[in-house]
Amino acid sequence: MSVSLPESVDAWRMVSARRAFAGELPISAMPRLCEVLADRAGVAQYEMAFGRDELGTACLDLKVRAPVTLLCQRTLEPFVLPLAVEVRLGMIRTENEEAGLPPGCEPLLIGADARLKPAEVIEDELLLALPLVPMDPQGALPAAEATSPDEDEAVANPFAILRELKRS
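A brief report on the enclosed structure follows.

The rules we used
Residues numbered from 1 in each chain as written. Predicted model: local features only at pLDDT ≥ 70, side-chain atom pairs only at ≥ 80, totals over all residues. Heavy atoms only, no water. Helix = DSSP H or I, 4+ residues; strand = E, 2+ residues; numbered from the N terminus. Buried < 20%, exposed > 50% of the residue type's maximum accessible area, 1.4 Å probe, protein only. Lys, Arg positive; Asp, Glu negative; His and termini not counted. Salt bridge = Lys/Arg side-chain N within 4 Å of Asp/Glu carboxyl O. Contact = heavy atoms within 4.5 Å. Polar contact = N/O pair within 3.5 Å; in protein donor to acceptor, adjacent residues only side chain to side chain. Core = buried A, V, L, I, M, F, W, Y, C linked by side-chain atoms within 4.5 Å. Pairing = 2+ DSSP bridges.

Assignment of secondary structure puts aspartate 10 in strand S1 (residues 9–10). Buried and unpaired, aspartate 10 has arginine 13 as its nearest opposite-charge partner, separated by 4.1 Å. Not counting residues within four places of it along the chain, the set of residues in contact with aspartate 10 comprises Ala114 and Arg115.

As structure tokens, then:
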């Protein structure tokens, strides 16, 4: 298993040679991911193995673990979310081949030049694993916003006066 991640590889040669890579990739080296994060600190640990599955489909098995810092949309405070991705990518040459992939195998379109950038594949999978609305599971609303709406209903609700008029 190789530790260093090449910038670009020939995807089909990697499958034929059953190459595998493992190591760490700094989160700051993934610009598209950094755009949605609150902090660029940390590293992603990855394992990727090229090969063929039991049906002979060229595939890439990928495991990535990365702590990413997001901005909680409830509290507007940064928090660390540990992401864990484990996926099998079926390598295809055209979009028509996607229907022939076995169940549980996500498509990975390989261009005509057969070049694949492993760091971009890792970044893509981390982006797909991010929640649509990040919320810290341990985060609580600030005290001022956590109050019940019934406490000062007469002042807070402009229609309270209308309710009183209706009762009379």
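With respect to the helices and strands, glutamate 123 occurs in helix H3 (residues 118–129). The exposure class assigned to glutamate 123 is buried, which follows from its relative accessible area of 4%. A distance of 2.7 Å separates a polar atom in the side chain of glutamate 123 from the backbone nitrogen of arginine 32.

What follows covers the nonpolar core. Within the largest apolar cluster, 38 residues are counted, with the highest numbers of intra-cluster contacts made by Phe50, Met91, Ile122 and Leu126. Of all the elements in the fold, those that place two or more residues in this core are helix H1 (11–17), strand S2 (20–26), helix H2 (31–34), strand S3 (43–52), strand S4 (58–71), strand S5 (78–92) and H3. Looking at this core, the element that brings in the most residues is S4, giving seven residues. Other than its neighbours up to four places away in sequence, phenylalanine 50 contacts Val9, Ala11, Met14, Val15, Arg18, Arg19, Phe21, Cys59, Leu60, Met91 and Leu116.

A separate point is the pairing of S3. When S2 meets S3, the two strands line up antiparallel, connected through seven bridges. Counted as the bridge partner of glutamate 24 is glutamine 45 from S3. Pairing between S3 and S4: eight bridges, direction antiparallel. Within S4, the position partnered with phenylalanine 50 by the bridge is leucine 60. The turn joining S3 and S4, which pair antiparallel and follow one another in sequence, is formed by five residues; a positive phi near 90° is taken by glycine 56.

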